[in-house]
Amino acid sequence: MNKAYLVAIGFIVLGLLMAGRAMIQTIVPYVSVAEARESTRKVQVKGKLVQGSLQMDPVQRETRFIIEDAQGDRLPVVHPKLAQGNVEQATEIVAIGQMRGNVFVAEKILYKCPSKYQGKQMQEYQESSQ
Amino acid sequence: MNAAEWGRLIIYLGAAGAIAATVLFALAAKQERWLLWARRAYALAVFSAVAAFGILISLCMRSDFRVVYVANFSSSDLPWYYKLSSAWAGQEGSFLLWAFWTALLGLLLIRRLRRYEPLTMAVYSSILAFLMAILTKQSPFLLYPPSEVPPEGMGLNPLLQNYWMAIHPPAIFIGFASLAIPFSIAVAALLRKDWDGWAQIAMPFVLLCWVTLGAGLILGGYWAYVTLGWGGFWGWDPVENSSLVPWLVITGLMHGLVVQRHRGGLHRSNLLLALLGAPLFFYGTYMTRSGALAESSVHAFDALAKGALGLVVAMLLTYTVGGLGLWLFRLRSIPAKQTAEGVLSRDLAFSLGIIALVVIAGLTLIGASMPIISYLIARQSSAVDISYYHIANAPFAYVMLLLLGLVPFLSWRKVDNADVFIQRISAPWYATLFIGLVVAFASYFLRLPVAVGVFFLMLLATFTILSNAILVWRLAKRNPMSMGGYLTHVGVGLVLLGAAASAFYEQKAEAVLTNGMTAQMFGFKVSYAGMTHPDEEMGKDNAVRLRFESLKGDKSFEARPVYYFDTHNPMQPRRVAEPHIYKHALYDMYIAIGSDGGGVIERLQDPGKTLPIRRGETKKMGEYTIHFKNFQIQGAMGSDDMSIGAVLDVEYKGKKTELVPVAVFGRGGKPAKLPGGGEVAIFADEINANERQVILHFFGMPGQTTMPDHVIVPVEVKLKPLINLVWLGTILMMLGGGIAMRRRFAEILQEQQEPVAEPVATGRKPKARTKPAPGVTGGH
């Protein structure tokens, strides 16, 4: 009887340790552009869309743009799909992904647009992911 | 006074009624003479909630744009069923829907409570009072000042214009509302120090909660699958998680109550689980409505008004602290009886299963709360990657599936002989092993991808399906009312098997199509066949027509993934894309424009031919003779929606027609169709007002060597094998839950008709509880 409980408790402890490890591995920290350049893992970077930098390439099926963080650092971003919605009007973009060479490859982008569905002054994030 | 003003007043009335009911029911617990007045106050609250909801629906149906809520979420061109669903599309409306169901469920509850009525209803009414108070702060009945009433509403978000989305919120909100029932009964039980009676009353309501919340989750998943173009039905989104977590806890509670009924144990944990369901949902409400998650979820609502958010926080704290505090205070007097008598017993399997469910709920909750937790620690909210949920939950999901497979062959008492047990279990066990070997060999020879974790999950799911199906088969003839649980477990196995197979063995093909080009995908020749609404290509309801013809030539169909610009708000036109799903018994073909429903259809750059022309001039262009008559201006000068049209008389092969190409400031424009093919367009930045000159652009004229319909369409097709198992599984789960719910309602009805309704504490007679599959004690 006691053995069964011990096995069960042992299993739960082991499972929770694995879950804790998964949490540390999968958390995607918020970093500045400077930190993103140095990082080797998946991170998220928030910044303003640099005016006129947005390009959508329907043949390569890529969205390319440059973001500028609060420190004024600029980062070129490639999102390997054509983003849905209105990235052009985004006031703020969160890019989630990893550096590949000099370019930040964003598997997911969240962008904040003046929202239509929640009243005038409110804003919402839209999402585009690979 | 107009209807909206009545609505506001009625909300206040309802809040007053619910507060009065709370006080009066509490008084009635001491002195019965208050009971009648308490019920009257509750009736007032019910009347108010129903009337307020009715008024909101009628305002939405009548497109009364004097009301801010209606103008924000509806428009007059919507069909009636979307006008109806705009009543719960927004923040305020969904709170009112929640209050509406809470009030109505109370009527069902109050009739089954008997001696539990005063205390339970006091707690329950207080929850309704909170909801009504939130609605006074965040009212759906706010009016515009008369001078600012918009002529037209903003319309319903096109993603919500889907019939699944019209029924999903009403269903899931019954579930959310019903979470208050086990909570209220558990509080009453703790106050009454009655450790068994409550379980009996709560059981059917816990099942009601499980079925409605489950159905809501499933409908939401199906909506995501057919509309959102995620390519999946579950995305571990904060809004999904905030419904999943209480549902898992309620699942645990449901099983705990079965153990308590049959073996007389788990009193402490059952009360705890009953007290956790509602606060967990309040927490989810706080997370998704406070704006705290605005940076990590697409679905999270915008921030509530400050007063309303304060009340949500107050509600969360009151019921979390109150419930857990009371439980801790009474903990020592709650009986703690050992139930499990042996390793091979149903008791132990249930206990472990409940632990696995609660751990999965806890890990999911922590993952979903990460943005808040990391904000508190590091002042930057970071979410976890979706893979966290899979990695962290997997070991517990394996254990749960294994237990689900073993349970049908376990008895409530210890199995004396392990050999007998092994003999019973051998059929599904060997069948699973056989299937596993076949899949393993097939994977090797067909070079299918292999992952140990996924393979293991599929193997365990198969085991669960087989062993529960055997029992369902046996019970179907003997005692169909008791097969609910096993049927549900078959469903759980099917859902997980289908989810694992469709995600892991998914195949993807992409192609960029244009007119006259074909691509090969999954044994089909695919070609672009134009738009369904070529004249208003980007107008509402437009879809892309894609011909699919099998290479063998025996099958063909036309896929029509939806693709248009929603221009309801001219300030923010937005692309709307929905996948087309081709259904086959063994797989779905998920056909989308661009990847994951993302892409854009681009017009090829066609330089075309240009012709500057002044007002009053007549010029020739190819076979056309063009006379520029006048400008046509719409909208206020300098505003964003100002548009300028050039009125042209065009003569082609002796026939005269008037054409008006239009340029809209900031947004391109609308070309006019030329007789004989092609089109003529003007652009705002080329209009010279002083010279009264425009530049006409001719595209695709007869004789010009461009393709007549020069668009490029990125197409993505995903083949999802065995996805139908997921839908079959969800149907079986709901069917099983429904059967169990009917059984438990029949049970309390019967027991309440028995003259002696007061059960003796833990010493309840175990009647006919030694069979491996307990029969119904009721009259079935």
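Note that the structure is a prediction, hence the values are computed from the model and not measured.

About the cut-offs
Residues numbered from 1 in each chain as written. Chains lettered and ligands numbered in written order. Predicted model: local features only at pLDDT ≥ 70, side-chain atom pairs only at ≥ 80, totals over all residues. Heavy atoms only, no water. Helix = DSSP H or I, 4+ residues; strand = E, 2+ residues; numbered from the N terminus. Buried < 20%, exposed > 50% of the residue type's maximum accessible area, 1.4 Å probe, protein only. Contact = heavy atoms within 4.5 Å. Areas by Shrake-Rupley, 256 points an atom, 1.4 Å probe, with all protein chains shown as cover. Axes fitted to C-alpha atoms, helices over the stretch in contact; angles between N-to-C directions. Parallel < 35°, antiparallel > 145°, perpendicular 65-115°, else oblique. Left-handed = near helix turned anticlockwise from the far one by under 90°. Nonpolar A, V, L, I, M, F, W, Y, C, P; charged D, E, K, R; others polar. Core = buried A, V, L, I, M, F, W, Y, C linked by side-chain atoms within 4.5 Å. Pairing = 2+ DSSP bridges. Polar contact = N/O pair within 3.5 Å; in protein donor to acceptor, adjacent residues only side chain to side chain. Expected span 1.5 Å × (residues − 1). Salt bridge = Lys/Arg side-chain N within 4 Å of Asp/Glu carboxyl O. Patch = residues over 30% accessible without salt bridge, like charges linked within 9 Å, V, L, I, M, F, W, Y side chains within 5 Å. pLDDT = per-residue confidence, 0-100.

**Q** For this particular structure, what's the right way to read the overall build of chain B?
**A** The helix and strand inventory of chain B stands at 18 helices and 21 strands. By residue count, 57% of the 780 residues in chain B fall in the buried class. Summarising the internal contacts of chain B: among those between residues at least 6 apart in sequence, 70% fall at separations of at least 24. Accessible surface for chain B amounts to roughly 32,800 Å². Of this, 62% is attributable to carbon and sulfur atoms.

**Q** How should I be thinking about the packing of helix H6 (residues 117-137) of chain B against helix H8 (residues 180-192) of chain B in this particular structure?
**A** Each pair of packed helices gets described by two things: the angle between the helix axes and the distance between those axes. All names here are of chain B. Two numbers describe how H6 lies on H8: the axes approach to 8 Å, and their chain directions differ by 135 degrees. Classified by the angle between their axes, H6 and H8 sit oblique to one another. When you trace H6 past H8, the crossing you get is right-handed. The segment H6 lies against H8, with Leu119, Thr120, Val123, Tyr124 and Ile127 engaging Ala180, Ile181, Phe183, Ser184, Ile185, Val187, Ala188, Leu191 and Arg192. Across the contact of H6 with H8, the residue classes break down as 11 nonpolar, two polar and one charged.

**Q** Please clarify how the nonpolar core should be interpreted in this entry.
**A** Looking at soluble globular proteins, one finds that nonpolar side chains tend to be buried together. All names here are of chain B. Counting residues in hydrophobic clusters, the biggest one holds 195 residues, and the most contacted among them are Trp98 and Trp198. Tallying contributions element by element places helix H9 (residues 197-228) first for this core, with 17 residues. Not counting residues within four places of it along the chain, the set of residues in contact with Trp198 comprises Tyr116, Ile185, Ala186, Ala189, Leu253, Leu257, Gln260, Asn270, Leu271 and Ala274. Core analysis: the second largest hydrophobic core is formed by 25 residues, Ala519, Leu546, Tyr582 and Val715 among them.

**Q** Explain the sheet that holds strand S2 (residues 518-521) of chain B to me, please; I cannot follow it from the model alone.
**A** Backbone-to-backbone hydrogen bonds join strands into a sheet, with any given pair of strands oriented parallel or antiparallel. Residues and elements named next belong to chain B. Strands sit in the order S2-S3-S4-S5 across an open sheet of four strands; the sheet is antiparallel. Lying at the two open borders of the sheet, with one neighbouring strand each, are S2 and strand S5 (556-559). On average, adjacent strands in this sheet sit at an angle of 30 degrees to one another, irrespective of strand direction. Two strands pair when backbone bridges link them, and strand S4 (residues 544-550) and S5 are joined in this way by four bridges, in the antiparallel orientation. Paired with Arg547 across the strands is Glu558, a residue of S5.

**Q** What should I look at first to understand unusual backbone geometry in this one?
**A** Trans is the prevailing form of peptide bonds, just as negative phi is the prevailing case for residues other than glycine. Residues and elements named next belong to chain B. In this structure, Leu266 takes a positive phi of about 60 degrees despite not being glycine. Structurally, the position occupied by Leu266 is in the loop between helix H10 (238-263) and helix H11 (267-289). By relative accessible area, which is 18% here, Leu266 ends up buried. Even without a glycine there, the phi angle at Lys653 is positive, about 50 degrees.

**Q** I keep staring at the packing of helix H5 (residues 91-113) of chain B against H11(B) and nothing clicks. Help me out?
**A** Residue and element names in this part refer to chain B. Interaxial distance between H5 and H11 falls to 13 Å at its minimum, and their mutual angle equals 170 degrees. Considering their axes alone, H5 and H11 lie roughly antiparallel with respect to each other. Packed against H5, whose contacting residues are Gln91, Ser94, Phe95 and Trp98, the element H11 presents Phe281, Phe282, Thr285 and Arg289 at the interface. The class makeup of the residues in the contact of H5 with H11 is four nonpolar, three polar and one charged.

**Q** Help me understand the side chain of B:Thr464, please; the structure alone is not making it clear to me.
**A** All names here are of chain B. Examined against the element boundaries, Thr464 turns out to sit in helix H16 (residues 452-478). The exposure class assigned to Thr464 is buried, which follows from its relative accessible area of 0%. A distance of 2.8 Å separates the side chain of Thr464 from the backbone oxygen of Leu401, its partner in a polar contact. Apart from the residues lying within four places of it in its own chain, the contact partners of Thr464 are Leu401, Leu404, Gly405, His489 and Gly493.

**Q** When you look at H6(B) in this model, what are you seeing that I'm missing?
**A** For an α-helix the count is 3.6 residues per turn, leaving residues at separations of three or four pointing the same way. For H6(B), built from 21 residues, the straight-helix expectation of 30 Å at 1.5 Å per residue is met to within 8% by its first-to-last C-alpha distance of 30 Å. Most of H6(B) is tucked away: 18 of the 21 residues are buried.

**Q** How do you make sense of the pairing of S2(B) when you look at a structure like this?
**A** The side chains of a regular strand alternate, first on one face of the sheet and then on the other. Residues and elements named next belong to chain B. Because side chains alternate across S2, one face comprises the buried residues Ala519 and Met521, and the other comprises Thr518 and Gln520, none of which is buried. Here four bridges tie S2 to strand S3 (residues 524-531), and the two strands are oriented antiparallel to one another. Paired with Met521 across the two strands is Phe524, which belongs to S3.

**Q** How should the pattern of salt bridges be read in this particular structure?
**A** Evaluated as defined, the whole model comprises 17 salt bridges over all chains. Here A:Arg74 ties to A:Glu68 by a salt bridge, and the two come within 2.8 Å at their closest N and O atoms. For A:Arg74, a relative accessible area of 44% translates into the label partly exposed. Residue A:Glu68 is classed as partly exposed on the basis of its relative accessible area, which comes to 24%. A salt bridge links B:Glu747 to B:Arg261; the shortest N-O distance between them is 2.9 Å. Note that B:Glu747 is positioned in helix H18 (residues 724-753) and B:Arg261 in helix H10, a separation of 486 residues in sequence. In this structure, B:Glu747 and B:Arg261 share a single accessibility class: buried. Connected via shared salt-bridge partners are B:Arg261, B:Arg743, B:Arg744 and B:Glu747.

**Q** Just checking my understanding: could you explain a nonpolar patch on the surface for this structure?
**A** Residues and elements named next belong to chain B. A surface patch of nonpolar side chains, amounting to about 500 Å² of accessible area, comprises Ile366, Ile373, Tyr375, Leu376 and Ile377. Along the polypeptide, Leu376 turns up in helix H13 (residues 346-378). Judged by its relative accessible area of 59%, Leu376 is exposed.

**Q** How should I be thinking about the confidence of the model for chain B in this particular structure?
**A** Atom-level detail of predicted coordinates should not be read off regions where pLDDT is low. All names here are of chain B. Averaged over every residue, the pLDDT of chain B is 84; residues scoring 70 or more account for 86%. For residues 595-599, every residue scores under 50 in pLDDT, and the model assigns this stretch 25 contacts once sequence neighbours within four places are set aside. Across residues 756-780 the pLDDT falls below 50, and counting only partners more than four positions away or on other chains, this stretch makes 43 contacts in the model. The ipTM for the predicted assembly is 0.73, set against a pTM of 0.81.

**Q** I tried to follow H10(B) on my own but got confused; where do I start?
**A** Taking 1.5 Å of rise per residue, the 26 residues of H10(B) would be expected to cover 38 Å, and the 37 Å separating its terminal C-alpha atoms lies within 8% of that figure. N-capping of H10(B) is provided by B:Asp237, with a side-chain oxygen placed 3.0 Å from the backbone N of B:Val239.

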